Amino acid sequence: MSQSVGVVVPAYRPDPERLVPYVRALVAEFDPEVVRVELDAPRAGILDSLSALPPVVDVNAVDARRGKGAAITAGFEALDTDILAFADADGSTPAESMGNVVAAVREGADLAVGSRRHPRATVASHQTIARRYLGDGFAWLARRLLDVPLYDYQCGAKAITADAWDDVRSHLYEPGFAWDIELIAVSGAFGHRVAEVPVVWEDQPNSTVSPVDTTIKMARGLLRSRHRARTIREDRLHEFIAAQNDECTLVDEFSAEATDD
């Protein structure tokens, strides 16, 4: 029986000349049941630019900048498909490679992680030297701190089964770019099968990501993600630390906002 697929594309002030053809390519590549564009702080005219997308595409526009993790979580919560996937709006991971990530879940993985640092990955154009070294250093550190050893944790192409999402959704806190690594850490703590999928990848120089600032924030997020994974694994020290905190998960925050509305 074929598994239905929903794709979330988190987009903060995207370039419509890049986003529109990319979304069309995703639809053509693996025929998702729905593509949900989570659009943060859209510029004037962007909604008109997206109006010609295929009927399978839903656009959810929010005036504020929620952060990548918050936008994806909101999108996943709105989906009702067997497989939930996301792809970054800049199109750095081509639709064909995104299809391979989804295929890995269809073939038995609980979570599939696209990887531009995998030995079999194809990097069509490289990041700047500074961004590359910061990214390599972060991946090196993550491999040593987490129980899920991967080449790449931050590539914007991932897919997860609906059952695995049900496990992890109430353990995710990171609203920004650290959400990716938190998802992997928490999924690993539940014993999910994690597949790393080599992708074709092309750096987009007009990214809204500040390399140094974002790397510092992700390093903090990495430590928090390790803590949350250890808490799920019932590490006594981390359970004690968690008991002292009263943070709301992203899903809790959405529920509170819905109640307020």
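What counts, and at which threshold
- Residues numbered from 1 in each chain as written.
- Predicted model: local features only at pLDDT ≥ 70, side-chain atom pairs only at ≥ 80, totals over all residues.
- Heavy atoms only, no water.
- Pairing = 2+ DSSP bridges.
- Helix = DSSP H or I, 4+ residues; strand = E, 2+ residues; numbered from the N terminus.
- Axes fitted to C-alpha atoms, helices over the stretch in contact; angles between N-to-C directions.
- Contact = heavy atoms within 4.5 Å.
- Polar contact = N/O pair within 3.5 Å; in protein donor to acceptor, adjacent residues only side chain to side chain.
- Buried < 20%, exposed > 50% of the residue type's maximum accessible area, 1.4 Å probe, protein only.
- UniProt positions renumbered as here; feature names shortened; annotations may be inferred.

### Here we look at the sheet that holds strand β5 (residues 111-115)
Okay, so step 1: Taken in spatial order, the seven strands line up as β3-β2-β1-β4-β7-β5-β8 in an open sheet, and their pairing is mixed. Only two strands of the sheet have a single neighbouring strand rather than two, namely β3 (57-62) and β8 (194-198). For this sheet the average axis-to-axis angle between neighbouring strands, irrespective of direction, equals 20°.
Okay, so step 2: Along the sheet, helix α3 (residues 68-78) contacts β1 (5-12), β2 (34-40), β4 (83-87) and β7 (157-161); its crossing angle with β1, the most-contacted strand, is approximately 150°.

### Quick word on the side chain of Arg 36
Okay, so step 1: In this fold, Arg 36 is placed in strand β2.
Okay, so step 2: Polar side-chain contacts of Arg 36 include one of 2.5 Å to the side chain of Glu 38.
Okay, so step 3: Those residues in contact with Arg 36 that lie beyond four places of it in its chain are Val 7, Val 8, Val 9, Asp 58, Asn 60, Gly 75 and Ala 78.

### Description of α3
Okay, so step 1: Counting buried residues along α3, nine of its 11 residues qualify, which places the element largely inside the surrounding structure.
Okay, so step 2: Burial in α3 covers these residues: Lys 68, Gly 69, Ala 70, Ala 71, Ile 72, Thr 73, Ala 74, Gly 75 and Phe 76.

### A look at the UniProt feature "domain: Glycosyltransferase 2-like" (unreviewed entry) in the protein
Okay, so step 1: Taken from the UniProt record, the annotation "domain: Glycosyltransferase 2-like" (unreviewed entry) applies to residues 45-120.
Okay, so step 2: End C-alpha to end C-alpha, residues 45-120 measures 40 Å, and it is 37% helix and 21% strand.

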